[in-house]
Amino acid sequence: MLQKTIDWLDERVDLSEIRHFVAEKGVPVHTQKVWYYLGGMTLFLFGVQVATGILLLLYYRPSAAEAYESVQFIVTKVEFGWLIRNIHSWSANLLVALAFAHFFSVFFLKSYRKPRELTWLSGILLLFLMLGFGFSGYLLPWNELSFFATKVGTGSAGAMPIMGHFLLRLLRGGDDVTGATLSRFYGLHVAILPAMATALVAGHLLLVQRQGMSVPLSIEKKLKPGEKLPQMPFFPNYIMRDVLAWYVLIAVLAALAAFYPWELGNKADPFAVVPPGIRPEWYFLAVFYTLKLIPSHILGFEGEKIGVIAFGIVALFLVVVPFLDRKSLRGERSPVFTVLAVLGLVYLVTFTIIGHYAK
Amino acid sequence: MTADFDRRAFLDGLLAVGFVSTAAAMAYPVARYLVPPVSGEPETASAVAAKASELKPNSGKVFKFGNRPGIVVRTPEGELVAFSAVCTHLDCTVQFKADTSQLWCACHNGTYDLGGNVVSGPPPRGLEKFAVNVRGEGADAEIVVSRA
């Protein structure tokens, strides 16, 4: 039956190129190949987000008057609504975590080196987009916690020099976080960001397919001239392993959604007293806590501004890393960048933990 | 050779069963999710349609009866009648036509008499009739419409 359908298609649109690609595609086998799974797992969760996000759209209402009630309706009245919403929330968090893991693994293995600069570029932009998804989606249930966290988050954007105030108004749709902000974040979350992410994911995957998997520098150096690493066929050997990893994710997601339901909290009230313990999602904690630590004035400049500029420089550095790391470009070891990555990782982990427990 | 083939076929079958069960386990909650829950709102029993004084003879008014429209009419003879304003053809909202003293649906030109019966056009049956009571006296009197 399946074969007949393929033959039918083949007669009309020549499938030989796809068949050739499927038969030829291989994955290099070596001791570091475990890191290859992270990208596929992140991609899988992106798919989960798209599917559950579309389902949530069927009942969600993006207005200050109805948003909270509609989410409440989804989790209490709609059959399996709790499951869809919990999976969407948990999967979002796992997605960010895996995207970070993918990012660090690529950084440590120096897989960004020539010829994969563009893959790195699309990947780092995707990482930023995922953070944007998290930031905009956090507000949508319109509860106390997300409302005040959004005030703080958009407020730090307002600390940017020169264009800060403009950016703050652009994000909030006014001077304050109101229903207008909710409309904007909704549009961002379900239309603008998905469109950008789809284009970038397509480009990212196309590049990965075109260039094949990168072999880590350390392993490449051990090869004798002319020697090639053994390959594993992608179909079906490797894809089956990918699917296995996805099944692990499904199990983890289902368990988290069932046993640790995502809280909805109280409806946002702009005139309520700020409840204690307002903090952003965990992946913004390190930045949030750092900005808290910076003294109000450094050498006559506003501390907050300096912090925001510093983070901007770090982001820019990450974008252009493949062009700065000249050594790995020549196929040499580049310990400086490894040290930078270690420092970055240690900073993120410690500040996230401290930020979590800090009062 | 055959033993090897059988083992492979068996494992392939097992894998297929696994994938199909996964798909089914995902499709079931999604299918249930897509069906909107039954509205918790109780069926409206009665509603205030209008002030008695605002309805002149040979006029009508569409009012909110629960979450669907109703229509109350004072006939040229001065009698009050009320119906569901949902046309029985395709759920459009009917209106009162003073020139013919009939209820008329603008969507497909269906007409009903003031007893709610179909006069002409595509509606398959008459409009649901409601009971009308007047509560209070004088200028404050309210027209109360209830499910018959």
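Figured I'd write up the structure that's included with this text. (Residues numbered from 1 in each chain as written. Chains lettered and ligands numbered in written order. Predicted model: local features only at pLDDT ≥ 70, side-chain atom pairs only at ≥ 80, totals over all residues.)

1. Brief notes about the overall build of chain B
Reasoning step 1: For chain B, the helix and strand inventory stands at 1 helix and 10 strands.
Reasoning step 2: Along its sequence from the N terminus, chain B presents helices and strands in the succession α-β-β-β-β-β-β-β-β-β-β.
Reasoning step 3: Rg of the C-alpha trace for chain B: 28 Å, well past the compact-globule value of 15 Å for 148 residues, more than 25% over.
Reasoning step 4: Each of the three principal axes of chain B carries a C-alpha extent, and together these read 100 × 35 × 20 Å.
Reasoning step 5: Looking at chain B residue by residue over its 148 residues, the buried ones come to 18%.
Reasoning step 6: The contacts in chain B between residues at least 6 apart in sequence include a share of 35% that link residues at least 24 apart. (Helix = DSSP H or I, 4+ residues; strand = E, 2+ residues; numbered from the N terminus. Rg over C-alpha atoms; globule rule 2.2 N^0.38 Å. Buried ≥ 20, exposed ≤ 12 C-beta atoms within 10 Å, placed from the backbone. Contact = placed C-beta atoms within 7 Å.)

2. Examining unusual backbone geometry
Reasoning step 1: Look at the link from Lys114 of chain A to Pro115 of chain A: it is a cis peptide, with omega at 10 degrees.
Reasoning step 2: With respect to the helices, strands and loops of the structure, Pro115 of chain A is situated in the loop between helix H5 (81–108) and helix H6 (117–139).
Reasoning step 3: Residues Phe235 of chain A and Pro236 of chain A are joined by a peptide bond in cis, for which omega reads -5 degrees.
Reasoning step 4: Looking at where Pro236 of chain A falls in the secondary structure, it is placed in helix H11 (residues 234–259).
Reasoning step 5: The backbone phi angle of Asn58 of chain B is positive, close to 60 degrees, even though this residue is not glycine.
Reasoning step 6: Looking at where Asn58 of chain B falls in the secondary structure, it is placed in the loop between strand S1 (46–51) and strand S2 (59–65).
Reasoning step 7: Located in the positive-phi region is Ser101 of chain B, a residue other than glycine, with phi close to 55 degrees.
Reasoning step 8: Note that Ser101 of chain B resides in the loop between strand S5 (95–97) and strand S6 (102–105).

3. Observations concerning the environment of Asn117 of chain B
Residues and elements named next belong to chain B.
Reasoning step 1: Turning to its location among the elements, Asn117 is positioned in the loop between strand S7 (110–112) and strand S8 (118–120).
Reasoning step 2: The sequence separation of Asn117 and Gly13 amounts to 104 residues, and the corresponding C-alpha distance is 63 Å.
Reasoning step 3: Those residues in contact with Asn117, other than ones at most four positions away along the chain, are Tyr112 and Gly126.

4. What to know about the interface of chain B and chain A
Reasoning step 1: If you look at the interface, chain B gives 5 residues, while chain A gives 8 residues.
Reasoning step 2: For the side of chain B that touches chain A, the per-class residue count stands at 4 nonpolar, no polar and 1 charged. (Nonpolar A, V, L, I, M, F, W, Y, C, P; charged D, E, K, R; others polar.)

5. Quick look at the nonpolar core
Reasoning step 1: Ranked by size, the top nonpolar core spans 59 residues in total, and within it Leu45, Ile87, Leu95 and Trp142 of chain A carry the most contacts.
Reasoning step 2: For this core, the secondary-structure elements that each account for two or more residues are helix H3 (36–57), helix H4 (67–76), H5, H6, helix H7 (144–157), helix H9 (179–211), H11 and helix H12 (282–293) of chain A.
Reasoning step 3: Residue contacts for Ile87 of chain A: discarding those within four places in its chain leaves Val48, Thr52, Leu253 and Ala257 of chain A.
Reasoning step 4: Of all hydrophobic cores here, the second largest spans 19 residues; its members include Ile71, Val73, Leu103 and Val144 of chain B. (Core = buried A, V, L, I, M, F, W, Y, C linked by C-beta atoms within 7 Å.)

All we've got here are geometric facts, nothing functional implied.
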